[in-house]
Amino acid sequence: MRKVQIYVNNKRVDLFNDEKIVVKSSVQDIADIAKVFTDFSQSFTLPASDNNNEIFGFYYNNDNDSFDANTRVDARIEIDFNKFRKGKLQLEGTTIKNNQIESYKVTFYGDVVTLKDVIGEAKLRDLDYSSISQNYSGSDVEDSITDPTFRDIRFPLISSDRIWTYNNGSGIDLPAQAVNYQELFPAVSDAKIMEIIEDSFNVTFEGNFLTDQRFKKSYTWWKNSNNPNFTSEPIDITFNPLSTSCTTDIPNAVGTNVVNVEYVNLNTFPTPPNFGSWIFNSFNHTVTIAIFNTSTSSNFFVDVYKNGTLINTISGSNSIVQNVVVQNNFSGLDDEYTFQFRSNGAMSFDFNVEYTFQGQYLESPLALQTLTENCSYTTTGLVTTGTLNLTTTAPDMKVTDWLAGTLKQFNLTCYPLDENLTYQIEPLEDWYAAGDIIDITKYVNTDTIQVDRLKLYNEINFEYVKSKAFLNDAFEGINARQYGNLKQVFNNDGGKYEVKLPFETLLFTNFDTINGNLQVSYCLEETTVPVKPYIPKPVKLYLQDSKVCEFYFNDGTSNNPVSSYMPFGQEIQYNNAEYSINFGEEVSSLSNNVVTNGLYQTYYQSYIVNLFNTKSRKVSLECMLPLEILTKLTLDDAIIVRDKKYRINDMTSDLTSGIVKMVLVSDFVDERTLQPTPPPIPDVGGTIYVPVKNKNGGYTDFQAPIETPFITSSIPLPSTGVTGEQIWTITAPANTTGQDRTQTIIYSSYYADGSLAWTRTLVVTQEAYSDKLLTESDGSILQENFDNILL
């Protein structure tokens, strides 16, 4: 019998000798294709030993409060002192029999569940965006539209104000109808949002995909109102109570930059002269804010925070005097109030904050009197800048919903690494490809092995939230389906399944311009006048490469001609091919090409096709795995049973007996050993990107190119002992040789012990450069002036 050890905050707890501890693990269940979290949990009981009583702070006795059962604590499970799982443990309760504490009931949670707990109910507006703060002005918005270098914040050409037109005598190709910077909402890079989540919750995300161009060029449109009304980044309203007067009877009412509203015990409060008795229910606390001497008449806002939580916002222009707190005096009252200020554009201002404690008492002889104690503080010369405030414009969405939706969008899996609160994020097939191949045939209990058909679906729908935009609505009217969605129908018995993202996608339109590169979209419900804007669910967009264009842009001062810009839409160029954030095939509004590399084909198809293979089976079995296999086995490993390969759908491990129950699914996917050949690099040159990952301390060796080198590689060729994971970039210059050329590179991955994991061959081809326009049937070349040159 194996011995299990459980540690809570690095202290080993005592276990019952006969307690059965079972852990179930899964990553992507065939019954829930969209599930991507490797979470697990298990409840069990612990004896009320002296050691456990100390660890749990004698929780059964509420006179003790040294252990907070409302908070999960660090924990880990070991088997015979070998690491098995780490995560969090929560105390659920205790059992008392015959007036004696008998046991504690606890639940062990895996690390990804912990990630959800860490983020909690926070919304996108609660994150700190100061790391990407930028000025908000017409010139700043114009730069974000035209600058070809990478930017975290850009302003897509999406109108929520009017119908832009072109080349009709009243379009944006004319200065009088220029796109105004105040018509546009920003978009924030998804990669930067992930970094901000890391910083906000002290977690770390790792993985090649986070630097993949197909993720780095994905943006979330930052819109939460019908019309733009951007304010500056908030500044703290600061004041120093030591510099001004305050009634000494309530000396702690105001601290540095904070107003303390606390219960005042009138039984011990100093009494005024000729005091008779207090009228207890009459006393209250009031906090008043005054803003004055503003440098402009623009709108400003004061955000009121109670114990760190925003509870109210007051607004004004020029000046304002308003009570922001009016609170009765009661036993237990203990609140802190702080204040922040923001404005429409840069502003300087003065302010006054006043705290008042007031009530009534009876004087002797009988007369009704009022007691007033107050503190007043004035500060001058506070200044806000014209910095864009992303907090007030953030979409109304929980951080966990945005994160889960983004993982689902690209079919990413998220699982914990050994470091505390560090998580690996990568596409599901990349995760499987990095797994080991483990033969467990000799450990399987052959008495009973259940082989069943996979109970799958006859229809899978991949969907965005239905958009109200009139272009999307028109598309649905013509095509009888929503733009960007995909329905996959299978010849199976079964029901329907939905992979539904919490985002919208907007259809763009390409104006009939000389160069055909100017595309825009609309967040408008209909084309009637006046137009009707709406607040969408967060919209996902792809940023494309710089294009030549012609339109006018108003920066608040002048109407400027724009000759190139960074288009937003649904597609990007990656590895010399077009990729889309639509689920299925759609015609690109920019290139007018059918883009086949949608989300389904790129990230879901391999997994789905494997499931729906007529040879696929679900196999349920029991095995007794050696400890060295059980403690190292991960859900991305391929399992071999009698020469057949399977993926782990789920496994349930009895840690005390060593019996492991597995549900396996046939694996016919070849990506574990093959690197897909990228499309040819064009003759003018280009770059391809190849993810490289090593597992469990392994490394990769790269050979020199077989042919005469013409490429530049981010990894020197040859190289040995390359560790970690990275995006390997291979760049080719313009090909002026007149012939297609090829570069063949062989690279091999090894485990930490030096044994070979796999060998792959990457074939890079480049087309020949040609200045020929067209070749006629007689072999002549057609020139730009349509004259022929006979060869």
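Residues numbered from 1 in each chain as written. Predicted model: local features only at pLDDT ≥ 70, side-chain atom pairs only at ≥ 80, totals over all residues. Heavy atoms only, no water.

Caption draft 1: Summary view of the overall build of the protein chain. When you go through the protein chain residue by residue, the secondary structure sums to eleven helices and 54 strands. Counting only C-alpha atoms and orienting by the principal axes, one finds that the protein chain spans roughly 120 × 85 × 50 Å. Looking at the 791 residues of the protein chain, the share that counts as buried comes to 50%. In the protein chain, 71% of the contacts between residues at least 6 apart in sequence involve partners at least 24 apart. Summed over its atoms, the accessible surface of the protein chain is roughly 36100 Å², and 46% of this surface lies on carbon and sulfur atoms. (Helix = DSSP H or I, 4+ residues; strand = E, 2+ residues; numbered from the N terminus. Buried < 20%, exposed > 50% of the residue type's maximum accessible area, 1.4 Å probe, protein only. Contact = heavy atoms within 4.5 Å. Areas by Shrake-Rupley, 256 points an atom, 1.4 Å probe, with all protein chains shown as cover.)

Caption draft 2: Inspection of the sheet that holds strand 17 (residues 275-292) at higher detail. Taken in spatial order, the four strands line up as 20-17-22-23 in an open sheet, and their pairing is antiparallel. In the strand order of this sheet, the two ends are held by strand 20 (320-328) and strand 23 (367-384), each with one partner. Between one strand axis and the next, the sheet turns through 15 degrees on average, direction left out of account. Judged from the eight bridges that link them, strand 17 and strand 20 form a sheet pairing that is antiparallel. Across the sheet, the residue bridging to threonine 286 is valine 326, located in strand 20. (Pairing = 2+ DSSP bridges. Axes fitted to C-alpha atoms, helices over the stretch in contact; angles between N-to-C directions.)

Caption draft 3: Focus on a positive patch on the surface. A grouping of Lys615, Arg617, Arg642 and Lys644 is seen on the molecular surface, where their side chains present a positively charged patch. Examined against the element boundaries, lysine 644 turns out to sit in strand 43 (residues 644-654). (Patch = residues over 30% accessible without salt bridge, like charges linked within 9 Å, V, L, I, M, F, W, Y side chains within 5 Å. Salt bridge = Lys/Arg side-chain N within 4 Å of Asp/Glu carboxyl O. Lys, Arg positive; Asp, Glu negative; His and termini not counted. Charge placed at Lys NZ, Arg CZ, Asp CG, Glu CD.)

Caption draft 4: The nonpolar core, seen in detail. Among the nonpolar cores identified, the biggest contains 155 residues, and Leu157, Phe205, Phe551 and Met662 are the most heavily contacted of them. For this core, the element with the most residues is helix 10 (residues 599-611), which contributes seven residues. When sequence neighbours within four positions are dropped, the list of residues in contact with methionine 662 reads Ile440, Val619, Ser620, Leu621, Cys623, Leu625, Leu633, Asp650 and Met651. Ranked by size, the runner-up nonpolar core spans 37 residues in total, among them Val304, Ile320, Phe341 and Phe349. (Core = buried A, V, L, I, M, F, W, Y, C linked by side-chain atoms within 4.5 Å.)

Caption draft 5: Main features of the sheet that holds strand 30 (residues 496-500). With respect to topology, three strands assemble into an open sheet ordered 29-28-30, the strand pairing being mixed. Edge positions in the sheet fall to strand 29 (486-489) and strand 30, since each of these pairs with one other strand and no more. Across the sheet, the mean angle from the axis of one strand to that of its neighbour is 15 degrees, orientation sign disregarded. In this structure, strand 28 (residues 459-463) lies alongside strand 29, joined through four bridges in antiparallel fashion. By the bridge assignment for strand 29, glutamate 459 is matched with valine 489. Strands strand 28, strand 29 and strand 30 of the sheet are contacted by helix 10, whose axis makes an angle of about 155 degrees with strand 28.

Caption draft 6: Here's a closer look at the pattern of salt bridges. Taken as a whole, this structure holds 21 salt bridges when the rule is applied. The salt bridge partner of glutamate 121 is lysine 398, with a shortest N-O separation of 2.5 Å. Within this pair, whereas glutamate 121 is found in the loop between helix 2 (111-119) and helix 3 (138-146), its partner lysine 398 is found in the loop between helix 6 (390-393) and helix 7 (399-409), the two being separated by 277 residues in sequence. Residue classification places glutamate 121 among the exposed positions, given a relative accessible area of 59%. A salt bridge links glutamate 586 to arginine 481, with the shortest nitrogen-to-oxygen separation between them at 2.7 Å. One end of the pair, glutamate 586, is in strand 39 (residues 586-587); the other, arginine 481, is in the loop between helix 9 (470-479) and strand 29, and 105 residues separate them in sequence.

Caption draft 7: Main features of the packing of helix 4 (residues 190-201) against helix 7. It is at 12 Å that the axes of helix 4 and helix 7 come closest, and there the two elements cross at 135 degrees. By the criterion of interaxial angle, the relationship of helix 4 to helix 7 is oblique. Note on packing geometry: the crossing formed by helix 4 with helix 7 is left-handed. Of helix 7, the residues touching helix 4 (which contributes Asp190, Ile193, Met194, Ile197 and Phe201) are Val399, Trp402 and Leu403. (Parallel < 35°, antiparallel > 145°, perpendicular 65-115°, else oblique. Left-handed = near helix turned anticlockwise from the far one by under 90°.)

Caption draft 8: Representation of the packing of aromatic side chains. Considering all chains together, one arrives at 47 aromatic pairs under this definition. An angle of 70 degrees between the planes, with centres 6.5 Å apart, marks the rings of phenylalanine 155 and phenylalanine 230 as edge-to-face. Taken together, the positions of phenylalanine 155 in the loop between strand 8 (153-154) and strand 9 (158-159) and phenylalanine 230 in the loop between strand 13 (218-221) and strand 14 (235-236) put the pair 75 residues apart, joining distant regions of the chain. Of the two residues, phenylalanine 155 and phenylalanine 230, both sit in the buried class. For the ring pair phenylalanine 215 and phenylalanine 410, a centre distance of 6.1 Å and an interplane angle of 80 degrees mean the geometry is edge-to-face. Placement of phenylalanine 215 in helix 5 (residues 213-216) and of phenylalanine 410 in the loop between helix 7 and strand 24 (412-416) is noted, with a sequence separation of 195 residues between them. Among the residues examined, phenylalanine 215 registers a relative accessible area of 1% and is labelled buried. The cationic tip of lysine 216 hangs over the ring face of phenylalanine 150; the distance from NZ or CZ to the ring centre is 5.1 Å. Just above the ring of phenylalanine 710 sits the side chain of arginine 741; from NZ or CZ to the centre is 4.1 Å. (Phe/Tyr/Trp six-rings, centres within 6.5 Å; stacked < 30°, edge-to-face > 60°. Lys NZ or Arg CZ within 6 Å of the ring centre and 35° of its normal.)

Caption draft 9: The arrangement of the environment of asparagine 575 in detail. Among the structural elements, asparagine 575 can be located in the loop between strand 37 (571-574) and strand 38 (577-580). With relative accessibility at 11%, the residue asparagine 575 sits in the buried group. In this structure, the C-alpha to C-alpha distance between asparagine 575 and valine 690, residues 115 residues apart in sequence, is 8.9 Å. Beyond its immediate chain neighbours, meaning those up to four positions away, asparagine 575 contacts Pro679, Thr687, Ile688 and Tyr689. Within polar-contact distance, the side chain of asparagine 575 engages the backbone nitrogen of tyrosine 689 at 2.5 Å. (Polar contact = N/O pair within 3.5 Å; in protein donor to acceptor, adjacent residues only side chain to side chain.)

Caption draft 10: Fine view of the pairing of strand 13. On strand 13, burial covers both faces: Ser218 and Thr220 on one face and Tyr219 and Trp221 on the other are all buried. As judged from the three bridges shared by strand 11 (residues 187-189) and strand 13, these two strands associate in the antiparallel manner. Opposite serine 189, over in strand 13, you have tyrosine 219 as the bridge partner. Pairing of strand 13 with strand 33 (residues 540-543), which is carried by three bridges, proceeds in the antiparallel orientation. The partner of tyrosine 219 across the bridge, within strand 33, is leucine 541.

Caption draft 11: Up close: unusual backbone geometry. Between leucine 717 and the following residue, proline 718, the backbone shows a cis peptide bond with an omega angle of 0 degrees. The topology assignment puts proline 718 in the loop between strand 47 (712-713) and strand 48 (719-722). A positive phi angle is found at asparagine 575, which is not glycine, with a value near 50 degrees.

Caption draft 12: Structural view of the side chain of asparagine 329. With respect to the secondary-structure elements, asparagine 329 resides in the loop between strand 20 and strand 21 (334-343). Overall, the relative accessible area of 14% leaves asparagine 329 in the buried class. Looking at asparagine 329, its side chain comes within polar contact range of the side chain of histidine 285, at 3.0 Å. Excluding residues within four positions of it along the chain, asparagine 329 makes contact with Glu262, Tyr263, Val264, Phe283, Asn284, His285 and Phe357.

Caption draft 13: Inspection of helix 4 at higher detail. In a regular helix each residue adds 1.5 Å, so twelve residues correspond to 16 Å; helix 4 covers 17 Å between its end C-alpha atoms and thus fits that length. Where helix 4 begins, the capping side chain belongs to serine 189, and its oxygen is found 3.3 Å from the backbone nitrogen of alanine 191. A positive backbone phi angle near 55 degrees is found at asparagine 202, which sits one or two residues after helix 4. (Expected span 1.5 Å × (residues − 1).)

Caption draft 14: Main features of the environment of lysine 455. Looking at the secondary structure, you find lysine 455 in the loop between strand 27 (450-452) and strand 28. By relative accessible area, which is 67% here, lysine 455 ends up exposed. For the pair lysine 455 and valine 548, spaced 93 residues apart in sequence, the C-alpha to C-alpha distance is 52 Å.

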